[in-house]
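# Observations on the three-dimensional arrangement
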Amino acid sequence: MNNIIERTYQDFSEIIKKSTQIVIVGHQNPDGDCLGSTTGLKMYIKENYRDKKVDIILPNHFPEYLKFLDLENEVIVFENNEDIVKTLFNKADLLICMDLNKPSRTDSLEEFVNNYKGYKILIDHHIEPAPFTDLIISSVNTSSTCELTYWLLKKISDKQLTENILKPLFTGLITDTNNFSNSVFPSTFLMASEIIDTGLETEEIQSNVWSSYSQDRMRLMGEMLLNKMIIFNDLGASIMILDKETQDRFNFNKGDSEGFVNLPLNIRGVKISALITEDKDYFRVSLRSKKNISVNDLSKQYFNGGGHERAAGGRLFIPINEILPYFENSVRAFLKNNGTAFER
Ligand code: 5GP
Ligand code: MN
């Protein structure tokens, strides 16, 4: 990326060379960009520096469809490996945080990240990265952390990036852009073009990502669209609540609902879409919007979260029966108060 100064590339490269035990951390509810960027970087370091130990630690499980990026079962999930994680953080001489802009996005790992005393690097593409690391490699003018990592590795590598590195990086590129339909930049297509030119089997990756749904997941999607989607026509807003009862009925696994929140935006007139998922003691909020509406602002103001302009998330701590009126009132107030502010 052009907006990252040369010095940063050199610093990154030198720090990697100096380190021996590296921990890479991703965010809560890891998605394709999170898993792609962490496994891609790990593969690069392993291939180029055989003496280094690299571990990826994620707060909780990643969805089944991303398993093809962790065939060796090497990714460590904190939920199941608390002692191993403690040891790894103690031993590490470098911590790299990827695809997150503040420590709280690592949820259960936040304490480890905050208390870590060694050198820290951030690689990310979210707005307003918190200054919690020694080196920040961040650009919002990038589709994904995978894209940023691709340009970074290309810059510091004197060899061609191998299939094992490109495969995960391409995965995050297509998942974070919803297959090149949002958050795309000229550099995004350039990366795709260069990767296709290497002969990488991108169709296989596309199939792994978009065409490996379980029957339950497909039927759950039908149920949500038919019986759960509520549209406030005057607001151009849609909401779907995926409650516990429905989750149980369709053997819901984390990741099964990925992409659901985008679907109502395919309806003419719908500009804001929310998916509310019942969790243990709160409701997870996922927000998407069409051009000119900042769900980052909407989430910050009403849903205890944030994110990107057109893809954000947050949490609600109210009873389920209050969610619909809360959503309607919040969106109404938001559109009224932010009428011109979010025109971009
Ligand atoms: P998703 O809807 O896919 O869970 O999240 C979309 C985007 O919103 C994520 O890439 C992330 O940047 C942001 N996001 C999701 N949940 C939260 C949250 O609880 N807090 C903040 N600040 N951002 C979130
Ligand atoms: Mn991302």
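Worth saying up front: this structure is predicted, and the values here are computed from it rather than measured.

Time to look at the domain arrangement of the chain. If you check the domain split of the chain, you get domain 1 (6–210) and domain 2 (215–338). Centre-to-centre, using C-alpha coordinates, domain 1 lies 27 Å away from domain 2. Of the residues lining the interface, 11 residues belong to domain 1; the matching set on domain 2 comes to 11 residues. Between domain 1 and domain 2, the buried area comes to about 890 Å², and carbon and sulfur atoms account for 41% of it. Taken as a group, Asn 29, Pro 63 and Ile 127 account for 38% of the area that domain 1 buries against domain 2, more than any other trio of residues on that side.

This paragraph deals with the pairing of strand 5 (residues 119–124). With 5 of 6 residues buried, strand 5 lies mostly within the body of the structure. One crossover worth recording links strand 4 (residues 94–98) to the parallel strand 5 by way of helix 4 (residues 110–115), and it is right-handed. In this structure, strand 5 lies alongside strand 6 (residues 135–138), joined through 4 bridges in parallel fashion. If you follow Leu 122 over to strand 6, its bridge partner there is Ile 136.

Bringing the sheet that holds strand 11 (residues 306–307) into the picture now. Ordered by their spatial adjacency, 6 strands build an open sheet running 7-8-9-10-12-11, and the pairing between neighbours is mixed. Unpaired on one side and paired on the other, strand 7 (230–232) and strand 11 mark the two borders of the sheet. Across 6 bridges, strand 10 (residues 283–289) lies against strand 12 (residues 311–316) in antiparallel orientation. Its bridge partner being in strand 12, Phe 283 is matched across the sheet by Leu 316. Where helix 11 (residues 295–302) meets the sheet, its contacts fall on strand 9 (272–278), strand 10, strand 11 and strand 12, and the angle it forms with strand 12 comes to roughly 15°.

Right, let's talk about the packing of aromatic side chains for a bit. Each pair of aromatic rings is reported with the distance of its centres and the angle of its planes. The final tally for this structure, using the stated rule, is 10 aromatic pairs. Between Tyr 282 and Phe 317, the ring centres sit 5.9 Å apart and the planes meet at 45°, which makes this aromatic pair tilted. Placement of Tyr 282 in the loop between strand 9 and strand 10 and of Phe 317 in the loop between strand 12 and helix 12 (323–337) is noted, with a sequence separation of 35 residues between them. Members of the aromatic cluster, connected to one another through ring pairs, are Phe 78, Phe 89, Phe 112 and Tyr 116. Directly above the aromatic system of Tyr 213 lies the positively charged group of Arg 217, at a separation of 3.6 Å from the ring centroid.

Basis of the calculations
- Residues numbered from 1 in each chain as written.
- Chains lettered and ligands numbered in written order.
- Predicted model: local features only at pLDDT ≥ 70, side-chain atom pairs only at ≥ 80, totals over all residues.
- Heavy atoms only, no water.
- Domains from an automatic or database assignment.
- Contact = heavy atoms within 4.5 Å.
- Buried area = accessible area lost by both parts, 1.4 Å probe.
- Buried < 20%, exposed > 50% of the residue type's maximum accessible area, 1.4 Å probe, protein only.
- Helix = DSSP H or I, 4+ residues; strand = E, 2+ residues; numbered from the N terminus.
- Right-handed = clockwise from strand over helix to strand, strands pointing away.
- Pairing = 2+ DSSP bridges.
- Axes fitted to C-alpha atoms, helices over the stretch in contact; angles between N-to-C directions.
- Phe/Tyr/Trp six-rings, centres within 6.5 Å; stacked < 30°, edge-to-face > 60°.
- Lys NZ or Arg CZ within 6 Å of the ring centre and 35° of its normal.

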